[in-house]
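Residue strings, one per chain:
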Amino acid sequence: MPVYKAPVDDVLFLLNDVFHIERYANLPGFADASPDLVEAVLGEAAKFCEDVLVPLNRVGDTQGCRRNPDGGVTTPAGFKDAFHQLVEGGWIGISVPGEFGGQGLPSVLTQTVNEFLASANMAFAMYPGLTQGAISAIYAHGTAELKALYLPKMVSGEWTGTMNLTEPQCGTDLGLIRTKAVKQADGSFRITGTKIFISAGEHDLAANIVHLVLARIEGAPEGTRGLSLFVVPKFLPNPDGSLGARNGVGCGSIEEKMGIHGNSTCVMNYDGATGWLIAEEQHGLHAMFTMMNEARLGVGVQGLALSEVAYQNAVAYAKDRLQGRALSGAKQKDKPADPIIVHPDVRRTLMSIRAFNEAARALVMWTALKSDVAHRASDAKERQAADDHMGLLTPVLKGVLTDVGFANTVAAQQVFGGHGYIREWGMEQFVRDARIPMIYEGANGIQALDLVGRKLAKDGGRALTAFFAEAQGFAKEHAADAALEPYLEPLGKALGHLQQATMWFAQNALAKPDNAGAGATDYMHLFGLVALGYMWARIAQGAQAKLASGADGAAERLKAKLVTGRFFVERMLPETATHLARIQAGATSTMELPAEGF
Ligand SMILES: Cc1cc2nc3c(=O)[nH]c(=O)nc-3n(C[C@H](O)[C@H](O)[C@H](O)COP(=O)(O)OP(=O)(O)OC[C@H]3O[C@@H](n4cnc5c(N)ncnc54)[C@H](O)[C@@H]3O)c2cc1C
């Protein structure tokens, strides 16, 4: 069975020594997050993931979900009990305000726990993950009545949530949505239409399922501006929260798919189902974006999570598998061969994944802290700046962490040779599971277009300017620190490439938008490398400071951080030059062939 150990020490190092969580103590919820409590929360989450969820990962993959003749869906053996333990532990509502039954703790903890959950069992983790997204949307946009009725049940895990956007004729282009809503005299709506690919659309884990559905109210304009968002429960709740009649929504079928077999992917048929509006009429997409942004960050975390678990298994295998001798001479002369971890090419693979994972985790946590500021700070300017950061970094996190996360699962599989290709070792499941995060929540090409087409120029480029200012400010502040130079010098170069690419778009994409479209994915990855490079500079600074002040027995781990960071800036960050060259090549050769020429 694959191994997994939640990276609690790494998270604590990032929280305490890199991001200095104590600096956020003035925000609501942070004072409660004492170092002891944080350690206890992470320790408990780790235990649950390692002991309960890891063993169920293969079970979920092998058994999958089953749709029964009555339209109900049975999840794999053990999922129900594990879900019960998850809700008992209060894991869904870690960051939800206390008034709705949550713990009100910083969302950086939620994202961290979600990484552990997804590493241990991604298919399982999607049930609470989607529920968290639905909670956020109702919390941000629902009426007081809706919040009071739905949130406590969802936070406690009695009810779960889904998001319903996709239809057979409509994926990326949500303007094509056909699902219809007809207003009723009592203020409710009748929802009719078919949604496909709905994750966790039907299952046996919870008493009720709360679907958030994008639909067009009769008479509303075509396109995305005519869309509204509705809450459509499987069972209609009575005012006291008890379950009433079955609503007109059901699972028509479930998809056979490449991975995440333990998560039900459903065709959902709405046949005059009763729903209630969330947010104003025709503001549906805006409200759904609350859920989608959270979900996109969550999907980025899935990319990291699978990269991490694949890495851990590749390391274990590389230390154990004996093949060939080290180029520099035999390392284990008593054995018939050396373990493959001695080979530079195997190490190149392991170091690349490790260097990505550690910085990606920092990037997730940095962004999650910004999300905490955006939602909790009393100062409007601070909230605005944090919100800008979230808007800019969300497509980068989603696109880069899932593209590279998938590539890393393949690289980790390669370390196993043929043993990675057969099922026994579990590596091929990681590869299959890691493929979907690149596609859902907006395919990665769309994330890149969102970044280049919308986020760069938004508010006169305010978010991008702030990102440059922060990274350059850090470099300036530590310019005299010779020990940091190996990290800051390459970071400066990479930042220069990002600036050149941004400038190139400004000069060449307005008149010829194909230049932006053709370069967008390279720009997203260039941005990702710079952001990860900036994380490595901060990690290196945190590690050096901790080493200088006495490392409390963590010296070897901290020194390893510094080596891993050097590997990143020496061997991975220079790829920014390639991305820049591709962007500056423009769209001509990409677009020249006519469609019939393919
Ligand atoms: C397992 C699974 C779970 C899912 N869960 C959910 C869920 O819970 N809820 C939900 O609503 N949906 C869900 N989805 C649907 C998913 O979000 C969509 O599949 C995804 O958004 C892409 O839509 P599509 O499949 O229709 O592809 P299309 O929109 O047809 O896109 C096909 C390709 O064309 C590209 N493309 C499309 N338009 C453009 C453009 N303008 N510019 C450049 N490139 C473009 C895309 O990047 C993509 O590569 C799920 C899908 C799967 C497979």
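Every value quoted in this text rests on a predicted model; they were computed, and no experiment measured them.

Engineer: How should the site of the ligand be read in this particular structure?
Structural biologist: Near the ligand you find 18 residues, and of these Met 163, Leu 165, Thr 166, Thr 172 and Phe 197 are the closest. Take Leu 165: an N or O atom from its main chain is 2.8 Å from an oxygen atom of the ligand. Phe 197 is positioned with one of its backbone polar atoms (N or O) 2.7 Å from a nitrogen atom of the ligand. Computed on the free molecule, the ligand has an accessible area of 980 Å², of which 61% lies beneath the protein chains in the complex. Of all the secondary structure elements, the ones that give two or more residues to the shell around the ligand are strand 3 (159-164), strand 5 (189-199) and helix 10 (444-455).

Engineer: Any chance you could explain the side chain of Thr 349 here in plain terms?
Structural biologist: Mapped onto the elements of the fold, Thr 349 is located in helix 7 (residues 344-376). Using a relative accessible area of 13% as the deciding quantity, one classes Thr 349 as buried. Only 3.2 Å separates the side chain of Thr 349 from the backbone oxygen of Asp 345, close enough to count as a polar contact.

Engineer: Explanation requested: helix 2 (residues 35-63) in the structure shown.
Structural biologist: Because the α-helix completes a turn every 3.6 residues, residues three or four places apart line up on one side. Given a rise of 1.5 Å per residue, 29 residues ought to cover 42 Å, and the 40 Å separating the end C-alpha atoms of helix 2 matches this to within 8%. Bending of helix 2 peaks at approximately 40 degrees at the position of Leu 53, with proline Pro 55 no more than four residues after it.

Engineer: Is there a simple way to think about the nonpolar core in this case?
Structural biologist: Taken as a class, soluble globular proteins show a tendency for nonpolar side chains to be buried jointly. Within the largest apolar cluster, 200 residues are counted, with the highest numbers of intra-cluster contacts made by Leu 212, Tyr 523 and Phe 527. In terms of residue count, helix 6 (residues 284-320) provides more of this core than any other element does, 19 residues in total. Setting aside anything within four residues of it in sequence, one finds Phe 527 in contact with Leu 392, Leu 393, Val 396, Leu 451, Leu 464, Phe 467 and Leu 498.

Engineer: Quick question: what am I supposed to make of the packing of aromatic side chains here?
Structural biologist: Within a pair of aromatic rings, the relevant descriptors are the distance that separates the centres and the angle that separates the planes. Counting across every chain of the model gives 16 aromatic pairs. Considering the side-chain rings of Tyr 317 and Phe 416, the 4.2 Å spacing of their centres and the 20 degrees angle between planes classify their relative orientation as stacked. Of this pair, Tyr 317 sits in helix 6 while Phe 416 sits in the loop between helix 8 (380-415) and helix 9 (427-435), and the two are 99 residues apart along the sequence. Comparing Tyr 317 with Phe 416 shows no difference in burial state: the two are buried. With a centroid separation of 6.2 Å and an interplanar angle of 70 degrees, the aromatic rings of Tyr 523 and Phe 527 are classed as edge-to-face. Placement of the pair is Tyr 523 and Phe 527 together in helix 13 (residues 513-548), with a separation of four residues, close to one helical turn. Through pairs of rings, three or more aromatic residues link up here, namely Phe 467, Phe 468, Trp 504, Phe 505, Tyr 523 and Phe 527. Across the ring face of Tyr 139, the terminal group of Lys 147 is positioned such that the distance to the ring centre comes to 5.3 Å.

Engineer: I keep staring at the pairing of strand 6 (residues 208-217) and nothing clicks. Help me out?
Structural biologist: Across a regular strand the side chains alternate sides, sitting on one face of the sheet and then on the other. With 10 of 10 residues buried, strand 6 lies mostly within the body of the structure. Along strand 6, one buried face is formed by Asn 208, Val 210, Leu 212, Leu 214 and Arg 216 and the opposite face, lined by Ile 209, His 211, Val 213, Ala 215 and Ile 217, is buried too. Two elements, strand 3 and strand 6, share six bridges in a ladder whose sense is parallel. Looking across to strand 6, one finds that Met 163 is bridged to Leu 212. In terms of strand pairing, strand 4 (residues 180-183) meets strand 6 through two bridges, oriented parallel.

Engineer: In this structure, what is going on with unusual backbone geometry? I would like to understand it.
Structural biologist: Of all residues except glycine, most have a negative phi; of all peptide bonds, most are trans. Of note, Ile 260 is a non-glycine position whose phi angle comes to about 35 degrees, a positive value. Following the sequence through the fold, Ile 260 ends up in the loop between strand 10 (249-254) and strand 11 (265-278). Residue Ile 260 is classed as buried on the basis of its relative accessible area, which comes to 4%. A positive phi is found at Glu 441, a non-glycine position, where the angle reads about 60 degrees. Mapped onto the secondary structure, Glu 441 falls in the loop between helix 9 and helix 10.

Engineer: For this particular structure, what's the right way to read the environment of Glu 382?
Structural biologist: By the secondary structure assignment, Glu 382 is in helix 8. Under the relative-accessibility criterion, Glu 382 is labelled partly exposed at 39%. Considered as a pair, Glu 382 and Trp 425 are 43 residues apart in the sequence and their alpha carbons are 48 Å apart. Setting aside chain neighbours within four positions, we find Glu 382 in contact with Val 373 and Ala 377.

Engineer: Explain the pattern of salt bridges to me, please; I cannot follow it from the model alone.
Structural biologist: When their charged atoms lie close together, side chains carrying opposite charge are able to pair. Per the counting criterion, the structure on display carries 28 salt bridges. The network of salt bridges with common partners includes Asp 10, Glu 115, Glu 308, Arg 354, Glu 358, Arg 361 and Lys 561.

Engineer: Which parts of the structure should I look at to understand the side chain of Asn 164?
Structural biologist: Take Asn 164: it is sitting in strand 3. Judged by relative accessible area, Asn 164 falls into the buried class, the value being 0%. Separated by 2.8 Å, the side chains of Asn 164 and Thr 162 make a polar contact. With residues near it in sequence (within four places) discarded, Asn 164 still touches Lys 195, Ile 198, His 211, Leu 212, Val 213, Leu 214, Met 268, Tyr 270 and Met 288.

Engineer: Whenever I open this one, the packing of helix 7 against helix 8 confuses me. Can you help?
Structural biologist: Here helix 7 crosses helix 8 at 160 degrees, and the two axes come no closer than 9 Å. If you check the angle between helix 7 and helix 8, you find them roughly antiparallel. Regarding helix 7 and helix 8, the two cross each other, and that crossing is left-handed. Residue composition of the contact of helix 7 with helix 8, by class: 20 nonpolar, seven polar and four charged.

Engineer: What should I look at first to understand the packing of helix 8 against helix 10 in this one?
Structural biologist: A pair of packed helices is captured by two measures, namely the crossing angle of their axes and the spacing between those axes. In contact at an axis separation of 9 Å, helix 8 and helix 10 are set at 155 degrees when each is read in the N-to-C sense. The angle between the axes of helix 8 and helix 10 places the two elements in the roughly antiparallel class. Remark: the crossing between helix 8 and helix 10 carries left-handed chirality. Each of Gly 391, Leu 392, Pro 395, Val 396, Lys 398, Gly 399, Thr 402 and Asp 403 in helix 8 lies in contact with helix 10, whose residues at this interface are Asn 444, Gln 447, Asp 450, Leu 451 and Lys 455.

Engineer: For this particular structure, what's the right way to read the pairing of strand 7 (residues 227-233)?
Structural biologist: Most of strand 7 sits out of view: seven of its seven residues are buried. Of the two faces of strand 7, the one lined by Leu 227, Leu 229, Val 231 and Pro 233 and the one lined by Ser 228, Phe 230 and Val 232 are each fully buried.

Engineer: Help me out: how do you make sense of helix 1 (residues 8-18) in this one?
Structural biologist: Of all the 11 residues making up helix 1, nine are buried; the element is thus mostly covered by neighbouring parts of the structure. With its phi angle positive at about 45 degrees, His 20 sits one or two positions after the end of helix 1.

Engineer: Would you explain empty space enclosed by the protein in this entry?
Structural biologist: Inspection of the entire model under this criterion finds four cavities of 30 Å³ or more. Pro 2, Val 54, Asn 57, Ala 120 and Phe 430 are the residues nearest the centre of the largest cavity, which is lined by 14 residues in total. Take the lining of the largest cavity: its biggest share by element is four residues, from helix 2.

Thresholds applied
- Residues numbered from 1 in each chain as written.
- Predicted model: local features only at pLDDT ≥ 70, side-chain atom pairs only at ≥ 80, totals over all residues.
- Heavy atoms only, no water.
- Near = heavy atom within 4 Å.
- Polar contact = N/O pair within 3.5 Å; in protein donor to acceptor, adjacent residues only side chain to side chain.
- Areas by Shrake-Rupley, 256 points an atom, 1.4 Å probe, with all protein chains shown as cover.
- Helix = DSSP H or I, 4+ residues; strand = E, 2+ residues; numbered from the N terminus.
- Buried < 20%, exposed > 50% of the residue type's maximum accessible area, 1.4 Å probe, protein only.
- Expected span 1.5 Å × (residues − 1).
- Bend = angle between axes of the 7 residues up to and from the residue.
- Core = buried A, V, L, I, M, F, W, Y, C linked by side-chain atoms within 4.5 Å.
- Contact = heavy atoms within 4.5 Å.
- Phe/Tyr/Trp six-rings, centres within 6.5 Å; stacked < 30°, edge-to-face > 60°.
- Lys NZ or Arg CZ within 6 Å of the ring centre and 35° of its normal.
- Pairing = 2+ DSSP bridges.
- Salt bridge = Lys/Arg side-chain N within 4 Å of Asp/Glu carboxyl O.
- Axes fitted to C-alpha atoms, helices over the stretch in contact; angles between N-to-C directions.
- Parallel < 35°, antiparallel > 145°, perpendicular 65-115°, else oblique.
- Left-handed = near helix turned anticlockwise from the far one by under 90°.
- Nonpolar A, V, L, I, M, F, W, Y, C, P; charged D, E, K, R; others polar.
- 1 Å grid on protein atoms, 1.4 Å probe; cavity = no way out; pocket = protein on both sides within 12 Å on 5 of 7 lines; lining within 4 Å.
- Points joined across faces, edges and corners; volume = space filled by probe spheres on them.

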